[in-house]
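Report on the structure
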Amino acid sequence: MKTLRNDRFLRALLRQSVDRTPIWMMRQAGRYLPEYRASRAKAGDFMSLCRNPELCCEVTLQPLDRYPLDTAILFSDILTIPDAMGLGLRFVEGEGPIFDKPLRTVDAIRKLSSPDPEGELRYVMDAVRTIRAALGDRLPLIGFSGSPWTLATYMIEGCGGHDFARVKRMALEEPEAFDQLARHLADTVVQYLAAQHAAGADALMVFDTWGGVLSPPAYARFSLAPMAHIVERLAELAPGVPVILFTKNGGQHLEKMAATGCAALGLDWTTSLADARRRVGDRVALQGNLDPITLFAHPDRIREETARVLADYGHGPGHIFNLGHGIVPQTPPEHAAAMIEAVIELSPPYHR
Ligand code: CP3
């Protein structure tokens, strides 16, 4: 492994000792930062920003120039894969992502292509290479993808979910075709993440934003099983690279998630870190889990809540401080600073 000047994040992922708890924020490069909004305006729109490696690099570095964060995360989106499969992705202001050609039939599932990470998705790999070069040995870089289930929800619904009626109905009525879709997406994600690692990503995170809307057996079959396949294949293609699994609202599934062999689990704020640690802390690191809405409160409250999250995890290595979900666009940037300062000031005693 290359030597980094700041390797707290990678050490914590391996549950090795650190001087203080590392911290990063989901969606740390984003609309809450005025400099991000300026870069997006330069690009024209969000997807043009994602397709421009130089601007991707610029926005990836913005939060790192502002705050003493412990890792970079690739600036991109989980929907690059379905976009490269030809579903016609658009982002509509105030409405979120929309696919003009959603996936609605078993026949369409059978005909889905496998985008080549260095072909249709080369712009993502170029962004990883550009960011890696700009970071030098300063910080690690996280690469990421959506989970097969979460990608399938957007591909089948055609937009962000409400009750997920279409995707759940497909899984219920055509379970074999759905398994085939999940496996196809899992294989595509494996290639995509392995290529991000080859291009310079030091850790890989799988965002399973919508796994928590499933019944336990449906979660096991349609969300967890394809994620387990991804972890297993990555262990062969990118040996030793830590993988973080994050199922939003997945607190009840932690044991099964840890059993995949991943390095760490991301937790939202509805699960206690202490409880999670008792259940799986001998096997995986834990990442989380301040409620992002906390950052709307007075900085004194933010400090108290940050202290509570640190105390909830308690003494010893294996904790990566993060929000429990993405930072909200209306967040005052100085409130994020209050949280980061609190982690830096209050966490060292937990590592002595
Ligand atoms: O964390 C980071 O800083 C890395 C960048 C990142 C983005 N999206 C940038 C982005 C990551 C990791 C994602 C993941 C992602 N994208 C998820 C999983 C998120 C999770 O936390 O569970 C999902 C569901 C998506 C799909 C998506 N992309 C949505 C729902 C939206 C919001 C649309 C809206 O208008 O609110 C996006 C757009 C998006 N992705 C933005 C950013 C910074 C905002 C785009 C803009 O500038 O308008």
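My aim in this report is to walk through the structure given alongside it, one point at a time. (Residues numbered from 1 in each chain as written. Predicted model: local features only at pLDDT ≥ 70, side-chain atom pairs only at ≥ 80, totals over all residues. Heavy atoms only, no water.)

**Thoughts on the nonpolar core**
As a rule of thumb, soluble globular proteins bury nonpolar side chains together. In terms of nonpolar packing, the biggest core is built from 127 residues, with Phe178, Leu265 and Met339 touching the most fellow members. The element contributing the most residues to this core is helix H10 (residues 175-199), with twelve residues. Those residues in contact with Leu265, other than ones at most four positions away along the chain, are Ile244, Leu245, Leu254, Met257, Ala258, Val280, Val284, Ala285, Leu286 and Gln287. (Core = buried A, V, L, I, M, F, W, Y, C linked by side-chain atoms within 4.5 Å. Buried < 20%, exposed > 50% of the residue type's maximum accessible area, 1.4 Å probe, protein only. Helix = DSSP H or I, 4+ residues; strand = E, 2+ residues; numbered from the N terminus. Contact = heavy atoms within 4.5 Å.)

**Structural notes on empty space enclosed by the protein**
Summed over all chains, the structure comprises one cavity of 30 Å³ or more. Counted as a void, the largest cavity has a volume near 40 Å³. Thr247, Gly250, Gly251, Leu254, Met257, Gly266, Leu267, Asp268 and Thr271 together form the lining of the largest cavity. (1 Å grid on protein atoms, 1.4 Å probe; cavity = no way out; pocket = protein on both sides within 12 Å on 5 of 7 lines; lining within 4 Å. Points joined across faces, edges and corners; volume = space filled by probe spheres on them.)

**What to know about the site of the ligand**
Surveying the vicinity of the ligand reveals 24 residues, the closest of which are Arg27, Tyr36, Arg40, Asp77 and Thr209. Contact distances for the ligand include 2.6 Å between an oxygen atom and a backbone N or O atom of Arg27. Between the ligand and Gln28 there is a distance of 3.2 Å, counted from an oxygen atom to a backbone nitrogen or oxygen. Surface burial for the ligand is 90%, taken as the share of its 890 Å² of free accessible area covered by protein chains. Here the shell around the ligand is built from residues that sort into 15 nonpolar, five polar and four charged. (Near = heavy atom within 4 Å. Polar contact = N/O pair within 3.5 Å; in protein donor to acceptor, adjacent residues only side chain to side chain. Areas by Shrake-Rupley, 256 points an atom, 1.4 Å probe, with all protein chains shown as cover. Nonpolar A, V, L, I, M, F, W, Y, C, P; charged D, E, K, R; others polar.)

**Notes on unusual backbone geometry**
With an omega of 0 degrees, the peptide bond running from Gly288 to Asn289 counts as cis. Tracing the backbone through its elements, the reader meets Asn289 in strand E8 (residues 285-290). In this structure, Arg27 takes a positive phi of about 60 degrees despite not being glycine. Along the chain, Arg27 falls in the loop between helix H1 (8-13) and helix H2 (34-43). Judged by relative accessible area, Arg27 falls into the exposed class, the value being 56%. With a phi angle near 60 degrees, Asn249 is a residue other than glycine that sits in the positive phi range. By the secondary structure assignment, Asn249 is in the loop between strand E6 (243-247) and helix H12 (254-258).

**As for the packing of aromatic side chains**
Considering all chains together, one arrives at eight aromatic pairs under this definition. Relative to Phe91, the ring of Phe46 lies with its centre 4.8 Å away and its plane at 80 degrees, an arrangement referred to as edge-to-face. You can see Phe46 sitting in helix H3 (residues 46-50) and its partner Phe91 sitting in strand E2 (residues 89-92), a full 45 residues away along the chain. With a relative accessible area of 15%, Phe46 lands in the buried category. We classify Phe91 as partly exposed; its relative accessible area is 32%. With centroids separated by 5.0 Å and ring planes inclined at 50 degrees, the aromatic side chains of Phe164 and Trp210 adopt a geometry described as tilted. Here Phe164, found in the loop between helix H8 (148-157) and helix H9 (165-173), pairs with Trp210, found in the loop between strand E5 (203-208) and helix H11 (216-237); they are 46 residues apart in sequence, far enough to count as distant. Trp210 gets classed as partly exposed once you look at its relative accessible area, which sits at 25%. (Phe/Tyr/Trp six-rings, centres within 6.5 Å; stacked < 30°, edge-to-face > 60°.)

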